Amino acid sequence: QAQLVESGGGLVQAGGSLRLSCAASGRTFSNDAMGWFRQAPGKEREFVAAVSWSGSSTYYSDSVKGRFTISRDYGKDTVFLQMNSLKLEDTAVYYCAADSFRDLIAGSPDEIEYWGQGTQVTVSS
């Protein structure tokens, strides 16, 4: 069974950094685009970042552009989200996702085929 498993979440002070990881199991996702979404309490799940299957293209939401970096390691079938200069409003559950690059950057969670279970990121003042 295909699975995406996130790790690396936690509590960090504003201005700090965290690195999230998402490891694939059950099948390879090396031919899929991969990305990250997040969901804050009381809010809808929103797109954060995506990387194409080849790794040659990346795309970010305006709210994280310049602060977050998405990357992937094909040997480990893992995607990363390096989060720097964290803000209070970055607090959310972060979900790893896999699908086509087009569907990921369209930002509609209902269209996404694969999801991880989520990892909590809490930014404190």
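Remember, predicted model here, so these are calculated numbers, not experimental data. (Residues numbered from 1 in each chain as written. Predicted model: local features only at pLDDT ≥ 70, side-chain atom pairs only at ≥ 80, totals over all residues. Heavy atoms only, no water.)

Side note on the pairing of strand β5 (residues 46–51)
What counts here: Under the scheme applied here, a residue whose accessible area is under 20% of the maximum for its type counts as buried, over 50% as exposed, and between as partly exposed, the area being computed with a 1.4 Å probe on protein chains only. In this text, helices come from DSSP runs of H or I with a minimum length of four residues, and strands from runs of E with a minimum of two, each type numbered from the N-terminal end. When DSSP finds two or more bridges between two strands, those strands count as paired.
Of all six residues in β5, five are buried, a share of seventy percent or more. Across three bridges, β5 lies against strand β6 (residues 58–60) in antiparallel orientation. Across the sheet, the residue bridging to A49 is Y60, located in β6. Count of turn residues in the β5/β6 antiparallel hairpin: six residues, of which G55 carries a positive phi of about 85°.

With respect to the side chain of D77
Basically, it comes down to this: Asp and Glu count as negative and Lys and Arg as positive, but His and the ends of the chain are not part of the count. When a carboxyl oxygen of Asp or Glu lies within 4 Å of a side-chain nitrogen of Lys or Arg, that pair is called a salt bridge. Pairs of N or O atoms within 3.5 Å make up the polar contacts considered here, provided that, within protein, one atom can donate a hydrogen while the other can accept it, and that residues adjacent in sequence are counted only when both atoms are side-chain atoms. Only heavy atoms enter the contact rule, under which two residues are in contact if any of them lie within 4.5 Å.
One can find D77 in the loop between β7 (68–73) and β8 (78–83). The buried charged residue D77 lacks any salt bridge partner; its closest oppositely charged side chain belongs to R72, at an N-O distance of 4.9 Å. At 3.2 Å, the side chain of D77 and the side chain of T28 are in polar contact. From its side chain, D77 meets the backbone nitrogen of F29 in a polar contact 3.1 Å long. Once you skip the residues sitting within four places of it in the chain, D77 turns out to touch C22, A23, A24, R27, T28, F29 and S30.

What to know about the state of the cysteines
Note the threshold: Any two cysteine sulfur atoms lying within 2.5 Å of each other are counted as a disulfide.
Enumeration according to the criterion identifies one disulfide in this entry. Residue pairing for C22: its cysteine sulfur links by disulfide to C96, the two sulfurs lying 2.1 Å apart. Its torsion about the S-S bond being -80°, the disulfide of C22 and C96 is classed as left-handed. Taken together, the residues C22 in strand β3 (residues 18–25) and C96 in strand β9 (residues 92–99) connect sequence positions 74 residues apart. A relative accessible area of 0% places C22 in the buried class.

Thoughts on the pattern of salt bridges
In total, this model carries five salt bridges according to the counting rule given. The shortest N-O distance in the salt bridge between D90 and R38 comes to 2.9 Å. Of the two residues, D90 is situated in the loop between β8 and β9 and R38 in strand β4 (residues 33–39); the sequence distance between them amounts to 52 residues. In this structure R38 comes out as buried when scored by relative accessible area, which is 6%. A salt bridge links D62 to K65; its shortest N-O distance comes to 3.2 Å. Among the charged side chains, a salt-bridge network with shared partners connects R38, E46, R67 and D90.

Some points on the nonpolar core
Generally speaking, soluble globular proteins have nonpolar side chains that are buried together. Defined as follows: The definition of a nonpolar core used throughout is a set of buried Ala, Val, Leu, Ile, Met, Phe, Trp, Tyr and Cys residues joined through side-chain atoms within 4.5 Å.
M34, W36, L81, M83 and Y94 are the most contacted members of the largest nonpolar core, which has 27 residues in total. Sorting the residues of this core by element identifies β3, β4, β5, β7, β8, β9 and β11 (119–124) as the ones contributing at least two each. Setting aside anything within four residues of it in sequence, one finds L81 in contact with L18, R19, L20, W36, V48, A49, F68, T69, I70 and Y94. Within the second largest apolar cluster, seven residues are counted, among which are A33, F37, F47 and I112.

A short note on the environment of K87
You can see K87 is positioned in the loop between β8 and β9. Note: C-alpha distance between K87 and G16 (71 residues apart in sequence) is 8.4 Å.

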